[in-house]
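These are the residues of each chain, in order.
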Amino acid sequence: MIRIYFAGVDIGSTMTKVVIADEGEKVVSRVISHTGAEHRRLANRVMEEALKQAGLSIDDISYVIATGYGRINVPFADKQVTELTCHARGVYQFRQGVRLAIDIGGQDSKALKIKDGKLIDFVMSDKCAAGTGRFLEVLAPTLGLRVEELGETSLRATRKVKISSTCTVFGQQEVISLLSDGEPLEDIVAGLHDAIASRVASMARKLKIEPDVVFTGGVAKNSGVAKALGKNLGCEIFIPDEPLLSGALGAALLGKETVMKALERGEPVKRSEHRLEEATFFDQVE
Amino acid sequence: MVNAAGTGLIRVKEIYRNREQRVKELKAEGKTIIGYLCIYPVLEMLTALDLVPYRMFGDMDETITSADDYLPTMVCPFLRSVLDLGIKGKYDFLDGVVMAHICDVGARLSHIWDVAVKTPYSHFIDVPHTDRKISRERLKELLQDFQETLEIFTGKKLTPAGLKESIELHNRQRAMVRELYDLKKPDPPLISGTETLQVMIAINSIPVEEGNNLLKEVISEVKERGDDVPKKSARLLVWGPVIDDIALIEMIESLDATVVMDDTCVGSRNFFADVPLTDDPLDGLAYRYLEELKCPRTFRESNTDGVHRGYQADLEARFGYLGDYAKEWNVNGAILQVPRYCDSHGYEVPQLKDYFEQISLPNIYLEHDYSKAALAPLKTRVQGLTEIIG
């Protein structure tokens, strides 16, 4: 029997993620790589790596959906779908009872209201970095820590210091001042996590929170933020094993559904040429 | 001779690109041009005295600098932009301005204008904020006061007959706008949201009689159209305050969506209610501007007898007309667009979202910075809405 495969490419502001799944919705390959300024045009390299991992070639892939902030820069994609819809689908795969998904990424945070696996409403943070992963990336060096160390550090806190400012730049000034006052490091980190969590929770409350709540995105790897978020929302939150991949997984699964729907209706599947090459930008075209 | 049936929309685009050209020509011919903000200044009185009303807008492409000397940066960017343009001399051709108590910033702007810009004539109408009988009586008095200042400024007397004639002229324009909006009911609509906004901005930039002639041409031209507007999955209603540039609607319509209906103050809001012809024309004007204009700046209740009939009745009283629009224009999604810091519209958003949920209309809230450069990140939100609609 010939197996068919579907790929999801999620180009976020910080990380690029690729998931390849088969028709049985089994993940056969997953790659997470830094997006970066130059990498944004090089989605093809991440895709090549994912194909190599699965022992496949691009011709084996029936459908590719690109999503995320850089979704327009994927020349081999058949379709672009927003990260909102893709995350909703990916999160549903992880937990069927999901009604609210919260994703905190490098550039923004969003809350998705989901019913039967379908996105029905959403809110997104706008330009302020305070409720995002960037907030932690900026503040970690000020505290002499790596981003990865923040979660565990905060779990050692005996109390959390109140961080009054929710602006990243002013937050940094506040942290410096707290350090000068001799506040314990772990209490400051716990305060920072609470600042992010309360900001994102108040955004999510606009959607009227119902369980189950799933937390995804790079910041979901931070156990301190996860704990603070659960407290702020007043309910248990569930985190997938790999919280970065829900968008790419959702994209791959939506690709499968697109193909299956077309086949059921006896319609041809509209596909691109699947050219595995670098993205060309408008300013480079003669 | 050029066939008139094919030139209406071309003329609309010309006016859109160079809004002030026509009033500047009229000024050179000796006409008096009166700028106004928002939809509460009673234009019927201006037209009746042969004054040319000119709606004042901001400029999304112009960075606000000079206005910061007078207004804090965390207030309505549209009104800041209008003041900024005024200080920079963009409105020097105006002989006067009329502003109203549309919102708190709008009210203060009227006074700041007199200090920072100065025009020979200026008037502020302190329109009440409730739709009770006592407010209507108060508005009538305020309109008498407005009339007196206009009479002093022009040296002319405003007669009831002249005012009635002007009301009829403006009502004619309203009827024609409604006729144009009817052409948005088919699927696909005969005229896009972007084109509709251009038409609306054009008629807000020229004398009412010229606007009526232009609308007549546009309507007959649009009626003859074939498949000029592409069919899209999402048929959207856009709600909110002023939209004075096509950039936002163009962005929406670059996706799988068409704006088939709006409740915005450059769009349908100012044209879906006529002024009733009453014995004393001021009665009809006070009634229309306070009761019939559905802007959040006026506090509306489901009752005026002190008896609370519950949240659902309140939502229906405040937003029921939007449910009617959704049905009549076959709308399947809504965008609540609000420039940042627009308090009067922002306050409505949670309840309006509840209302839309009640009538099962998918919707999103788009807060923007009144800047074209800042529109790009909003595209994902609009695309997300089109994906929800499917």
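Since this is a predicted model, take the numbers as computed values, not measurements.

1. Quick look at the sheet that holds strand β6 (residues 257-263) of chain B
Residue and element names in this part refer to chain B.
Now for step 1: Taken in spatial order, the four strands make up an open sheet running β6-β5-β7-β8, and their pairing is parallel. Where the open sheet ends on each side, the last strands, each with one partner, are β6 and β8 (363-368). Within this sheet the neighbouring strands show an average axis-to-axis angle of 30°, counted without direction.
Now for step 2: Note: strand β5 (residues 234-239) against β6, six bridges, orientation parallel. From the neighbouring strand, R235 faces β6, where its bridge partner is T258.
Now for step 3: Here helix α12 (residues 311-328) sits on the sheet in contact with β5 and β6, set at roughly 155° to β5.
Now for step 4: Each of β5, β6, β7 (333-339) and β8 touches helix α15 (residues 378-389); the most contacted strand, β8, lies at about 170° to it.

2. Notes on the interface of chain A and chain B
Now for step 1: Taken residue by residue, the interface counts nine residues in chain A and seven residues in chain B.
Now for step 2: Among the elements of the structure, α2 (83-94) and β8 (118-124) of chain A are those that each provide at least two residues to the side of chain A that touches chain B.
Now for step 3: In terms of residue count, β8 of chain A provides more of the side of chain A that touches chain B than any other element does, four residues in total.
Now for step 4: Looking at the side of chain A that touches chain B, its residues break down into six nonpolar, two polar and one charged.

3. Describing the pairing of strand β4 (residues 61-67) of chain A
Residues and elements named next belong to chain A.
Now for step 1: Most of β4 is tucked away, with six of its seven residues classed as buried.
Now for step 2: Alignment of strand β1 (residues 5-11) against β4, held across six bridges, turns out to be parallel. Within the sheet, the bridge partner assigned to V9 lies in β4 and is A66.
Now for step 3: The pairing of β4 with strand β5 (residues 79-80) spans two bridges and is parallel. Across the sheet, residue A66 finds its bridge partner in β5, namely Q80.

4. Focus on unusual backbone geometry
Now for step 1: Across the junction of P211 of chain A and D212 of chain A, the peptide omega takes the value 0°, indicating a cis bond.
Now for step 2: Structurally, D212 of chain A can be placed in the loop between α6 (185-204) and β9 (213-216).
Now for step 3: For the bond from D187 of chain B to P188 of chain B, the omega torsion is 0°, close enough to zero to count as cis.
Now for step 4: In this fold, P188 of chain B is placed in the loop between α7 (160-182) and α8 (193-203).

5. Section: the sheet that holds strand β6 (residues 100-104) of chain A
Residues and elements named next belong to chain A.
Now for step 1: Spatial ordering of the open sheet is given by β8-β7-β6-β9-β10, a layout of five strands whose pairing is mixed. Both outer strands of the open sheet, β8 and β10 (237-238), are each paired with one neighbouring strand and no more.
Now for step 2: Both β9 and β10 contribute to a ladder of two bridges, which runs parallel. Residue V214 lies in a different strand from β10, and its bridge partner there is F238.
Now for step 3: Here α2 sits on the sheet and contacts β6, β7 (109-115), β8 and β9; the angle it forms with β7, its principal contact strand, is near 60°.

6. Quick word on the domain arrangement of chain A
All names here are of chain A.
Now for step 1: For chain A, the domain assignment lists domain 1 (5-87 + 245-284) and domain 2 (96-238).
Now for step 2: If you average the C-alpha positions of domain 1 and of domain 2, the two centres end up 28 Å apart.
Now for step 3: Listed by partner, the interface residues are nine residues for domain 1 and twelve residues for domain 2.
Now for step 4: Residue contributions to the side of domain 1 that touches domain 2 peak at three residues, all from α2.
Now for step 5: Considering only residue class, the side of domain 1 that touches domain 2 consists of three nonpolar, six polar and no charged.

7. Thoughts on α6 of chain A
Now for step 1: In this model α6 of chain A runs 29 Å from its N-terminal to its C-terminal C-alpha over 20 residues, within 8% of the 28 Å that 1.5 Å per residue would give.
Now for step 2: In terms of residue burial, α6 of chain A counts as a mostly covered element, since 15 of its 20 residues are buried.

8. Points about the confidence of the model for chain B
Now for step 1: Mean pLDDT over chain B stands at 95; residues scoring 70 or higher make up 98%.
Now for step 2: Predicted complex metrics record ipTM = 0.88 and pTM = 0.91.

9. Quick word on the pairing of strand β4 (residues 121-125) of chain B
Residues and elements named next belong to chain B.
Now for step 1: As defined by bridge partners, strand β3 (residues 96-100) adjoins β4 across five bridges and the pair is classed as parallel. Within the sheet, the bridge partner assigned to M99 lies in β4 and is F124.
Now for step 2: A crossover links β3 with its parallel partner β4, the connecting element being helix α5 (residues 104-116), and its sense is right-handed.

Rules of the game
Numbers given for residues are sequential positions, taken from 1 along each chain in its written order. In the order they appear in the text, chains get letters beginning with A and ligands get numbers beginning with 1. Local features are withheld for residues below a pLDDT of 70 in this predicted model, meaning they are given only at 70 or higher, and side-chain atom pairs are given and counted only at 80 or more; totals for whole chains, interfaces and linings count all residues. By the convention used here, strands pair only if DSSP detects at least 2 bridges between them. The helix count covers DSSP runs of H or I at least four residues long, the strand count covers runs of E at least two residues long, and both are numbered beginning at the N terminus. Interaxial angles span 0 to 180 degrees and are taken between N-to-C directions of axes, which are lines fitted to C-alpha atoms, for helices over the stretch in contact. We call two residues in contact when the distance between their C-beta atoms, placed using the backbone, is within 7 Å. The classification used treats Ala, Val, Leu, Ile, Met, Phe, Trp, Tyr, Cys and Pro as nonpolar, Asp, Glu, Lys and Arg as charged, and all other residues, Gly among them, as polar. Neighbour counting defines burial: a residue surrounded by 20 or more other C-beta atoms within 10 Å of its own C-beta is buried, one with 12 or fewer is exposed, and intermediate counts give partly exposed, using backbone-placed C-beta atoms. Domains are outlined according to an automatic or database domain assignment. A helix's residues, less one, multiplied by 1.5 Å, set its expected span. pLDDT measures how confident the predictor is about each residue, on a scale from 0 to 100. For a crossover, the right-handed case is the one in which the path from the first strand over the helix to the second runs clockwise, viewed with the strands pointing away from the viewer.

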